[in-house]
Amino acid sequence: MPLARSLSFTSLSGLEEWDEEFDREDAVLFEIAWEVANKVGGIYTVIQTKARLTCEEWGENYFLVGPYMESSVRTQVELIEPCNAALRRTIDKMNSSGCKVYFGRWLIEGSPYVILLDVGFTAWSLDRWKSELWENCGIGVPWFDREANDAVLFGFLTAWLLGEKLNNHCDEPPHIVAHFHEWLAGLGLVLCRQRQLPVATIFTTHATLLGRYLCAGNVDFYNNLAEFNVDKEAGDRQIYHRYCLERAAVRCAHVFTTVSQITAIEAEHLLKRKPDIVTPNGLNVKKFSAMHEFQNLHAQSKARIQEFVRGHFYGHLDFNLDKTVFLFIAGRYEFSNKGADIFLEALARLNYLLRVNHSDVTVIAFFIMPARTNNFNVETLKGQAVRKQLWDTAQTVKERFGKKLYESLLVGQLPDVSKMLDKEDFTMMKRAIFATQRQCLPPVCSHNMLEDSSDPILNCIRRIGLFNTAQDRVKVIFHPEFLSSTSPLLPMDYEEFVRGCHLGVFPSYYEPWGYTPAECTVMGIPSVSTNLSGFGCFMEEHIADPSAYGIYILDRRFRGVDESCNQLTSFLFQFCQQSRRQRIIQRNRTERLSDLLDWRYLGRATGFRYPRPASVPPSPAHSLHSSPHHSEAEDEEEPYDEDLEAEKDRVNIRQPFNMPNRNKNQTVGLPEKN
């Protein structure tokens, strides 16, 4: 949603003295967010992945500003002395006035400069600053809201930093552009405007506060956007002070942006200002790119997931792993907002369809959502131990067999197969087999939950009856912890796990952007999204037939819950009917969409649509065959030329925008209001 013409700096309130055109070398960009070198949620990924590109464009004049978190700094930041004399004077002045300000390089791609503000060290100023906020802005912050108190400290420190930066230049002060992310950083913007600092301000909301709270309360959100009494709704949820901070930042910003069209509509109604521009979130695609090896990486990662499944389902491994499809959902544990409720219901219906159609396909659905636990489930750990014991036994017998075979061949004789395994070998193997006997079903949850009886996912599983029985064609594994390569249970990092799955399922009701399906796309893994997520709307806008490229868009905006659940069930059933070859073709197509999500490309991604592929149908739903079961012979007859289709896609998508090198002749401008 770009604007029709560029914005004149001199038309912006507080920037009347700026030249209409000025050298880029004289401009300094500060990007301020609570998640700079501090992983909390998706904003961390936004800033981290676009840092390299921003550094290429702004060079030494780009600074990230965030809170000082000692645990993160120790592993992510190299503390150094400021290279800029004016900035060094600014930091020294603040440190001598009772602050603690740190300067360094964030150890990510691009190695951007970071300025970290220790909000805890200046907590002695909290009461004074809250009084000033009330007197000047009419916003009161209660003492018990620690997050809002941190936002006050961070906001005042940010405004102090920008003010000192302007005052500590011997010559003419620089042209400062300050980009603030979310309400936690927004107070700094409000104070810049209140103090009339000559700073061009941009505010980006990645999700509205009130929208997230309303959706979590099972409200018919999108059909009633225009009807909400926003002040009352915020007050009823005891977040009115936070809402005021967010809305003040939106109203004061020179330029207001958001990450998707769906969030732009939400912001217009809840924050009472239409965004000036929509800036979709991207990824550093090179980081996720596996060149032509991504299919091999999928096979390798899938094999590691299969090893975990062998242990988890020991004693009940009555299904063919080569005909098993791995689905997953991951993210913040918001049961309804993230669509875990509709996913579980669709899995129950899918289980019924697979059983009545006598399908030989098994589905294993992973739920990767962090919740409160106290340890790993003993039965889950035992499963991995039993699997390892079986593997060690097989390796021991294999070595003994190989030694006897070798000795027999050395003397020029063919081995007597009946004598290759002795009684001791059979005893060892029998003991290993007896160890796999199990008196209980494979656990649904891999950990011991602290609130087992009230957990939404576990209660839903109890209601729909997916207990991993032999009759179930759909199995469920709830892993209430983020994945880690150091885990004794499932030693894989998130990227490796995603590559090993077949389909990511994200039927979110509230998802301003949606990094999880975006990450699936750049790794060549098909995914399910919705037309209420920023990612889903973006793909619908730019792809003529998203499902042909492995992007299934679930309609949650114009359909009821039951209809949406039936549609999701249909997507999953169709996916399960695909042959292995069809899935490979679909992964190739999905991976080719990764350029659409590259930060370099997003600034130019307008005015085109990917056409529908003309070759082999992506799923049985579009096939001419009447039976859902295709033979490999039928698949081989379907015309498909991977190189030809890839070349067509390369023609259809424009090349990413390459940032020019900075020079003194460059000028800078902002998008303009109508």
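Coordinates for the structure precede this section.
Quick summary incoming for the structure in this document. Everything quoted here is computed from the prediction, not taken from an experiment. (Residues numbered from 1 in each chain as written. Predicted model: local features only at pLDDT ≥ 70, side-chain atom pairs only at ≥ 80, totals over all residues. Heavy atoms only, no water.)

Turning our attention to the nonpolar core. Core analysis: the biggest nonpolar cluster contains 90 residues, and V309, F343, L347, F366, F367, F497 and L572 have the highest contact counts within it. Among the elements that line this core, the one with the most residues is helix α13 (residues 340-356), at nine residues. Counting 74 residues, the second largest nonpolar core, distinct from the first, contains A159, V199, L210 and A253. (Core = buried A, V, L, I, M, F, W, Y, C linked by side-chain atoms within 4.5 Å. Buried < 20%, exposed > 50% of the residue type's maximum accessible area, 1.4 Å probe, protein only. Helix = DSSP H or I, 4+ residues; strand = E, 2+ residues; numbered from the N terminus.)

Time to look at the pattern of salt bridges. The tally for this structure, following the rule as stated, stands at 34 salt bridges. The shortest N-O distance in the salt bridge between D562 and R349 comes to 2.7 Å. Placement of D562 in helix α20 (residues 561-577) and of R349 in helix α13 is noted, with a sequence separation of 213 residues between them. When its relative accessible area of 46% is taken as the criterion, D562 is described as partly exposed. E495 is the salt-bridge partner of R499, the closest N and O atoms lying 3.7 Å from each other. Taken as a pair, R499 and E495 lie in helix α17 (residues 494-500) at a separation of four residues, close to a single helical turn. R499 sits in the buried class, given a relative accessible area of 6%. In this structure E495 comes out as partly exposed when scored by relative accessible area, which is 27%. Via salt bridges that share partners, R400, K404, D422, E424 and D425 belong to a single interconnected network. (Salt bridge = Lys/Arg side-chain N within 4 Å of Asp/Glu carboxyl O.)

This paragraph deals with the side chain of R587. Along the polypeptide, R587 turns up in helix α21 (residues 580-592). No salt bridge is formed by the buried R587; its nearest oppositely charged neighbour, E591, is found at 10 Å. Setting aside its immediate chain neighbours within four residues, R587 contacts F294, Q295, H298, H502, G524, I525 and P526. (Lys, Arg positive; Asp, Glu negative; His and termini not counted. Contact = heavy atoms within 4.5 Å.)

Okay, unusual backbone geometry next. The phi torsion at Q238 lies on the positive side, around 60 degrees, for a residue other than glycine. The residue Q238 is located in the loop between α8 (230-236) and α9 (240-252) in this model. A positive phi angle, close to 50 degrees, is found at H358, a residue other than glycine. Position of H358 among the secondary structure elements: in the loop between α13 and β12 (362-368). Since its relative accessible area comes to 71%, H358 is described here as exposed.

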